[in-house]
Amino acid sequence: MTITPDPAVAAGLQQDGPGRGGRADRAFRLLAWSAGVLVLVVLAGIAISTTQKAWPAFSSAGLDYFTTSTWDPNKGQFGILAFVYGTLVISAIAVVIAVPVSIAIALYVTELAHRRVAGIINTIMDVLAAVPSVVFGLWGFLVLRPILQDWFNSFADAVSGIPVLRTLFGPSTGSSFMSAGLILSIMIIPIITSISREVLRTVPANDRNGALALGATRWEAIRSVVLPHSTGGLVGASMLGLGRAMGETILVALVIGASPQIVANLFAQGEAMPSVIARNLNESSGTYQAALIGLGVCLFVLTILVNIVARRAVGVFERRSRGAA
Amino acid sequence: MTATLSPPAPAPSHSSVLTRTVSTRRRVVDKVASTLMTLSLLVAAIPLAWVLYVVVSKGASMISVDWFTKNIPTNVSSSALAEKFGAEPEPVIYGMWPAIYGTLLITFMASVIAIPLGILGAVYLNEYGKNGRFARVLRFFTDVMVGVPSVVMGIFIYTAWVIRFGAEGRSAIAGALALACLMLPIVVRSTEEMLRLVPDDLRAASAALGVPTWRTVTKVVLPAAIGGITSGAMLAVARAAGETAPLLFTIGAVSEIHYPPTGQNTALSTQIFSNITQPGGAPIAWGAALTLIVLVVVLTLVARFIAGRFAIHANAAS
């Protein structure tokens, strides 16, 4: 039984008397507020500090910095388009693979699995979510790359007569957009899964049981009750995975191959924004360093845009699910 | 009313009912969907198990007393080259203590900075700001900051700290600052999610006893959510401990043990990265990977254990 407090009484209690914790309460509120605002301060700090150090590159290269793909530090030519392309391609591959798999696993854990099995899977997923990306990179570089080279080349041979596929899947050295995307997808699966799982757990048991009681199969209950209820959260989980994929540095630096180029062949070597920074920032100086920091600024802006779009999407889905209820 | 929320119990199986009353098409669709969900588990589990297996099998031979006590060898590549060209290879003593210490030190400092601030920030969002305009803006930007790549945090500290302090800029402190920037929004959001799960009845009950809000927060709300908060914070710590990108430009490089938080340092993750491509460095990379994974897994499991313990306490208290 729930007792609803009288609004007037509750309002009275909210206003503490001057001696009794009113001042302490205000101090605590200020402390908490400052901690919250720190997030804004750090974000502003990132934007200001990095843009300031990147400015020499932005001002000397001008618009060419964003619209050309020639990156030659020796000649002072800095065009980032190839890196942007690489980042977009590999994160798209990663998300396309990881999202359905992750949501399916999360559904399995919350809807189908026996409670004990679910517990085991949850623990495994939590532990694996914590596996550092550099370890995936180590495995990808030393173990998986030679295997992928064989697979990719056999696949490229198999589709060499088919027009569109022939362009997308060509010869490979093992280091490629696809290698980076594949390993990235494995890496973000536990992350998306664990968030999706938490989201799916918030589905009210009564809604689900109601659907089942009306004769829905497990899948129909998932489709008609569970997914509509949690779509916003699942989009959020996927977007977190996307952000992780776009910004992932070390793993990508190890398996993408370090050759900035815009090609349709997903099995070809490429380069991404974070990986070129990781490889070169420590040994760079002058305009070159500014150009690398500028890449960081672009990555920062890009991920912020992705997140803003994501939040918009989440808002739309939340409104829709409220309307349905 | 219990203070912690447990997941809803799964409904009893009703497959026997399905086979009798539901059309074939719907039953097939249901079976296909269930099978796909089960198979997806394998898609994720096989590569992940593969990674763990390879790391354990290749890294285990490195683990010895030397590994935890000696400095990092600097003659690995010269020894490997000597062996390649038929000369007598120098003996290599495989140690990793400086990097193990560095990882622990940097992660600890980052946690000390980020976790209290993150929890306080979450308290503001959920207990004071609620759905007000400013809180919504703050929540939005915290989400945005969660999405900011870790390498950007490294670049930020590089531009704001390392360049400013020149030769002395690279240090464990700089690395810890970069990791703290990474952890802060994660802790804020995970803590806020947990605070939101605390039933409002508890707050109302506390307020009804005349307790000021800040006492309610520290004595009722936070203890009720402590399991989830700890779990979330520990996951942030585990993530930070494994990060490489924020440390690349901020901590420098040493191969000998360096205890103070100032001055250049090293970490397990950066050791893995730098040894992968070095001739003869692969064993070091695998050993460091195993050490890092064990560290991170222990952190995660301890988090789960603590979470379980505190959840029970909160349950009993209510």
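Residues numbered from 1 in each chain as written. Chains lettered and ligands numbered in written order. Predicted model: local features only at pLDDT ≥ 70, side-chain atom pairs only at ≥ 80, totals over all residues. Heavy atoms only, no water.

## What about the overall build of chain A?
Here's step 1: Within chain A, the secondary structure is distributed over 13 helices and two strands.
Here's step 2: For chain A, the residues scored as buried account for 52% of the 325 residues in total.
Here's step 3: Within chain A, residue pairs in contact and separated by at least 24 positions form 73% of the contacts whose partners lie at least 6 positions apart.
Here's step 4: For chain A, the exposed surface amounts to about 14300 Å²; the carbon and sulfur share of it is 63%. (Helix = DSSP H or I, 4+ residues; strand = E, 2+ residues; numbered from the N terminus. Buried < 20%, exposed > 50% of the residue type's maximum accessible area, 1.4 Å probe, protein only. Contact = heavy atoms within 4.5 Å. Areas by Shrake-Rupley, 256 points an atom, 1.4 Å probe, with all protein chains shown as cover.)

## Details of unusual backbone geometry
Here's step 1: For Ala 258 of chain A, which is not glycine, the phi torsion reads 60° and is therefore positive.
Here's step 2: If you trace the backbone, Ala 258 of chain A turns up in the loop between α11 (250–255) and α12 (273–280).
Here's step 3: Here Ala 258 of chain A falls in the partly exposed class, since its relative accessible area comes to 37%.
Here's step 4: Here Lys 130 of chain B, not a glycine, exhibits a phi torsion of approximately 50°, which is positive.
Here's step 5: For Lys 130 of chain B, the position within the fold is in the loop between α5 (97–129) and α6 (133–146).

## With respect to the packing of aromatic side chains
Here's step 1: The tally for this structure, following the rule as stated, stands at 23 aromatic pairs over all chains.
Here's step 2: Ring geometry for Trp 139 of chain A and Trp 50 of chain B: centres 5.3 Å apart, planes at 80°, overall edge-to-face. Of the two residues, Trp 139 of chain A is situated in helix α6 (residues 133–158) and Trp 50 of chain B in helix α2 (residues 24–59); the pairing between them involves two chains.
Here's step 3: With relative accessibility at 1%, the residue Trp 139 of chain A sits in the buried group.
Here's step 4: Looking at Trp 50 of chain B, the relative accessible area reads 28%, which means it is partly exposed.
Here's step 5: One aromatic cluster in this structure is built from Trp 55, Phe 58, Tyr 65 and Phe 66 of chain A.
Here's step 6: Geometry around Phe 141 of chain A places Arg 145 of chain A over its ring, the cationic atom sitting 4.2 Å from the centre. (Phe/Tyr/Trp six-rings, centres within 6.5 Å; stacked < 30°, edge-to-face > 60°. Lys NZ or Arg CZ within 6 Å of the ring centre and 35° of its normal.)

## Some thoughts on the pattern of salt bridges
Here's step 1: Taken as a whole and assessed by the stated rule, the structure comprises 13 salt bridges over all chains.
Here's step 2: The partner of Glu 271 of chain A in a salt bridge is Arg 279 of chain A, with the nearest N and O atoms 2.7 Å apart.
Here's step 3: For Arg 196 of chain B, the salt bridge identified is with Glu 193 of chain B, shortest N-O distance 3.8 Å. Here the residue Arg 196 of chain B and the residue Glu 193 of chain B both occupy positions in helix α8 (residues 172–197), the gap between them amounting to three residues, near one helical turn.
Here's step 4: On the accessibility criterion, Glu 193 of chain B (35% relative accessible area) is partly exposed.
Here's step 5: Several salt bridges share partner residues, and in doing so they unite Arg 139, Asp 143, Arg 189, Glu 192, Glu 193 and Arg 196 of chain B into one network. (Salt bridge = Lys/Arg side-chain N within 4 Å of Asp/Glu carboxyl O.)

## Focus on the interface of chain A and chain B
Here's step 1: With 90 residues of chain A in contact, the opposing surface of chain B contributes 91 residues.
Here's step 2: Each partner contributes to the roughly 8200 Å² buried at the junction of chain A and chain B, and carbon and sulfur atoms together form 77% of this total.
Here's step 3: Contact with chain B buries area across many residues of chain A, yet Phe 28, Leu 138 and Trp 139 of chain A alone supply 7% of it, more than any other trio.
Here's step 4: Applying the counting criterion to the chain A and chain B interface returns one salt bridge.
Here's step 5: At the boundary of chain A and chain B, one finds 12 residue pairs in polar contact (both at pLDDT 80 or more).
Here's step 6: With 22 residues, helix α2 (residues 18–61) of chain A is the single largest residue contributor to the side of chain A that touches chain B. (Buried area = accessible area lost by both parts, 1.4 Å probe. Polar contact = N/O pair within 3.5 Å; in protein donor to acceptor, adjacent residues only side chain to side chain.)

## Things to note about the nonpolar core
Here's step 1: With 192 residues, the main nonpolar core has Tyr 65, Trp 71, Phe 136 and Leu 295 of chain A together with Ile 272 of chain B as its most contacted residues.
Here's step 2: If one sorts the elements of this core by residue count, helix α4 (residues 81–112) of chain A sits on top with 17 residues.
Here's step 3: If we skip the residues at most four places from it in the chain, Ile 272 of chain B touches Val 134, Val 135 and Leu 138 of chain A together with Ala 285, Ala 288, Ala 289 and Leu 292 of chain B. (Core = buried A, V, L, I, M, F, W, Y, C linked by side-chain atoms within 4.5 Å.)

## A closer look at helix α10 (residues 218–247) of chain A
Here's step 1: Across its 30 residues, α10 of chain A extends only 37 Å between first and last C-alpha, which sits more than 12% below the 44 Å expected from 1.5 Å per residue.
Here's step 2: Of all the bends found along α10 of chain A, the most pronounced is centred on Thr 231 of chain A and spans about 60°. (Expected span 1.5 Å × (residues − 1). Bend = angle between axes of the 7 residues up to and from the residue.)

## Quick look at the side chain of Gln 271 of chain B
Residues and elements named next belong to chain B.
Here's step 1: As for its placement among the helices and strands, Gln 271 is situated in helix α12 (residues 268–276).
Here's step 2: Assessed through its relative accessible area of 9%, Gln 271 is described here as buried.
Here's step 3: Setting aside anything within four residues of it in sequence, one finds Gln 271 in contact with Ile 72, Met 96, Ala 99, Val 254 and Thr 266.

## Regarding the side chain of Ser 172 of chain A
Residues and elements named next belong to chain A.
Here's step 1: Checked against the element boundaries, Ser 172 lands in the loop between α7 (163–168) and α8 (177–201).
Here's step 2: Exposure remark for Ser 172: the relative accessible area of 8% places this residue in the buried category.
Here's step 3: A polar contact is formed between the side chain of Ser 172 and the backbone oxygen of Phe 267, at a distance of 3.0 Å.
Here's step 4: Apart from residues no more than four positions distant in its own chain, Ser 172 is found in contact with Gln 149, Phe 152, Asn 153 and Phe 267.

## Some words on α2 of chain B
Residues separated by three or four positions in an α-helix point in the same direction, a consequence of the helix having 3.6 residues per turn.
Here's step 1: Helix length check: α2 of chain B (36 residues) gives 52 Å between terminal C-alpha atoms against 52 Å at 1.5 Å per residue, within 8%.
Here's step 2: The sharpest bend along α2 of chain B measures roughly 25° and falls at Ala 45 of chain B, with the proline Pro 47 of chain B sitting one to four residues further on.

## Points about the confidence of the model for chain B
Residue and element names in this part refer to chain B.
Here's step 1: In this model, chain B carries a mean pLDDT of 85, and residues with pLDDT of at least 70 account for 90%.
Here's step 2: Per-element confidence in chain B is highest for α5, whose mean pLDDT is 94, and lowest for helix α1 (residues 15–21), whose mean pLDDT is 55.
Here's step 3: Counting contacts from residues 1–5, a segment whose pLDDT is below 50, to residues more than four positions away or on other chains yields 16 contacts.
Here's step 4: In the model, residues 312–318 has pLDDT below 50 throughout and makes 10 contacts with residues more than four positions away in sequence or in other chains.
Here's step 5: Across the predicted assembly, pTM comes out at 0.84 and ipTM at 0.84. (pLDDT = per-residue confidence, 0-100.)

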